[in-house]
Amino acid sequence: MKVLLVFAHPEPRSLNGALRDVAVSELEAQGHEVRVSDLHAQGWKSQVDRADFPALPARSRLKVPGASKDAFVADGLSADVAMEIEKLRWADTLILQFPLWWFSMPAILKGWVDRVFAYGFAYGVGEHSDHRWGDRYGEGSLAGKKAMLMVTAGGWREHYSARGINGPIGDLLFPIHHGILFYPGYQVLPPFVVYQADRFGERDFETAAQRLRERLRNLETTAPMAYRRQNAGDYTIPECELRPGLEGAGDSGFALHLRDDGKR
Ligand code: FAD
């Protein structure tokens with residue numbers, strides 16, 4: 001496999017840094033090719049702004065989707081963004097690694113998504129009409145590839161359980177899993193999550209590292225999340241609403257978008 005690991009932590013000697021090193025060495029030991037985008041080390045610019053679209057005339061109003069589309073089509077995206085797109089095309093597996101900050105990814109990683117997932121590449125792909133609403137949610141430029149999150153959290157596993165005060169981890173990560181990764185076509189593997197990360201000792205680290213190595217050894221055979229594909233008949237088009245009667249008993253919200261066989 002060709003694996004791209006996008007690393008979003010400011011400190012290489014952090015717990016995240018140590019887990020990244022474990023991941024890279026395990027993947028390489030398995031014979032996989034690995035590239036790392038270390039966003040802080042690269043000095044990644046988080047915000048989308050005019051500098052992303054060098055060909056946009058100075059007097060033109062910036063409309064981001066249109067500018068992104070024009071730049072993508074004309075091969076005119078800024079060099080840092082073009083390089084990350086090249087890496088995404090190269091990789092058949094993407095790992096996004098980050099500490100959970102305010103129940104989501106750190107801003108630098110969100111900014112990587114905002115800038116790299118360009119119009120025409122990750123969104124705005126395919127026919128949009130009364131009978132088809134684009135190549136997305138299971139189809140798109142990144143279809144056929146796999147993606148997985150590697151996340152550390154300060155909170156306990158129980159805090160993120162079905163009845164936990166923080167909300168279920170699957171719900172919190174749903175916008176990333178479904179909205180960012182499944183959207184352009186990735187098959188999304190269950191996340192690797194480390195809880196109580198701030199209280200980690202050496203022993204905890206060894207246990208987590210072992211668990212991580214095992215996950216990575218099984219990457220190719222791990223079943224992806226059973227998200228429903230937009231264009232496979234479960235949704236009305238163009239409303240993109242789940243057809244009545246397909247939901248499991250009591251399902252609502254995010255759970256509607258998982259096929260029944262993915263809930264067990
Ligand atoms: P580090 O601080 O680098 O290390 C954590 C511990 O691991 C240290 O005690 C360190 O000694 C130990 N350790 C053990 N082995 C090693 C090793 N081999 N190498 C390095 N360190 C090791 N948590 C939540 O659950 N939900 C939130 O919404 C949330 N929001 C946050 C928002 C912000 C802005 C911040 C700063 C933190 C937030 N947290 C939250 C906590 C955050 O998720 C954790 O601080 C983070 O996951 C810890 O990972 P780290 O890599 O930064 O750990």
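It should be emphasised that the depicted structure is a prediction, and the values quoted were computed from it without experimental measurement.

### Section: the nonpolar core
Here is step 1 of the chain: By size, the foremost hydrophobic cluster in this structure holds 56 residues, and its most contacted members are Val-6, Leu-94, Ile-95, Leu-109, Met-150 and Leu-181.
Here is step 2 of the chain: If you tally residues by element for this core, the top one is helix H5 (residues 169-182), at six residues.
Here is step 3 of the chain: With residues near it in sequence (within four places) discarded, Ile-95 still touches Val-3, Leu-5, Ala-23, Met-148 and Met-150.

### Here's the deal with the site of the ligand
Here is step 1 of the chain: The environment of the ligand is formed by 19 residues, the closest being Ser-14, Pro-99, Gly-154, Gly-155 and Phe-200.
Here is step 2 of the chain: Elements represented by at least two residues in the shell around the ligand include exactly helix H1 (15-29) and helix H6 (202-217).
Here is step 3 of the chain: For the shell around the ligand, the element with the most residues is H1, which contributes three residues.
Here is step 4 of the chain: Here the residues of the shell around the ligand sort into eleven nonpolar, six polar and two charged.

### Some words on the UniProt feature "domain: Flavodoxin-like fold" (unreviewed entry) in the protein
Here is step 1 of the chain: Mapped onto the present numbering, the UniProt feature "domain: Flavodoxin-like fold" (unreviewed entry) falls on residues 1-216.
Here is step 2 of the chain: Across residues 1-216 one finds 35% helix and 14% strand; the C-alpha atoms that close the span lie 11 Å apart.

### Quick notes on the environment of Lys-145
Here is step 1 of the chain: As for its placement among the helices and strands, Lys-145 is situated in the loop between helix H4 (107-116) and strand S4 (146-152).
Here is step 2 of the chain: Separated by 43 residues in sequence, Lys-145 and Val-188 have C-alpha atoms that sit 8.8 Å apart.
Here is step 3 of the chain: Non-local contacts of Lys-145, meaning those with residues more than four positions away in its chain, are made with Ala-91, Asp-92, Thr-93, Leu-94 and Tyr-186.

### Observations concerning the pairing of strand S1 (residues 2-7)
Here is step 1 of the chain: With respect to burial, S1 is a largely interior element, five of its six residues being buried.
Here is step 2 of the chain: Examined bridge by bridge, S1 and strand S2 (residues 33-38) share six bridges and lie parallel to one another. Of the residues in S2, the one forming a bridge with Leu-5 is Val-36.
Here is step 3 of the chain: The parallel pair S1 and S2 is bridged by H1, and the resulting crossover is right-handed.
Here is step 4 of the chain: Note that S1 and strand S3 (residues 93-99) share five bridges and pair parallel. Pairing of Phe-7 across the sheet is with Gln-97, part of S3.

Reading the values: rules and limits
Counting restarts for each chain: residues are numbered from 1 in the order of the written sequence. pLDDT decides what is reported in this predicted model: residues at 70 or higher carry local features, side-chain atom pairs at 80 or more are listed and counted, and totals for whole chains, interfaces and linings draw on all residues regardless. The nonpolar core is taken to be a set of buried Ala, Val, Leu, Ile, Met, Phe, Trp, Tyr and Cys residues joined by way of C-beta atoms within 7 Å. For the exposure call, what matters is how many other C-beta atoms sit within 10 Å of a residue's own: 20 or more marks it buried, 12 or fewer exposed, and in between partly exposed, using C-beta atoms placed from the backbone. Helix and strand definitions here come from DSSP, where helices need a minimum of 4 consecutive H or I residues and strands a minimum of 2 consecutive E residues; each element is numbered from the N-terminal end. What counts as a contact is two residues whose backbone-derived C-beta atoms lie within 7 Å of each other. Using a C-beta atom placed from the backbone, a residue is described as near a molecule or strand when that atom lies within 6 Å of it. Residue type decides the class: Asp, Glu, Lys and Arg count as charged, Ala, Val, Leu, Ile, Met, Phe, Trp, Tyr, Cys and Pro as nonpolar, and the leftover types, Gly among them, as polar. UniProt positions are given in the numbering used here, feature names are shortened, and annotations may be inferred rather than shown by experiment. Two strands qualify as a pair provided DSSP detects at least 2 bridges between them. With its strands directed away from the observer, a crossover is right-handed exactly when the path from the first strand over the helix to the second travels clockwise.

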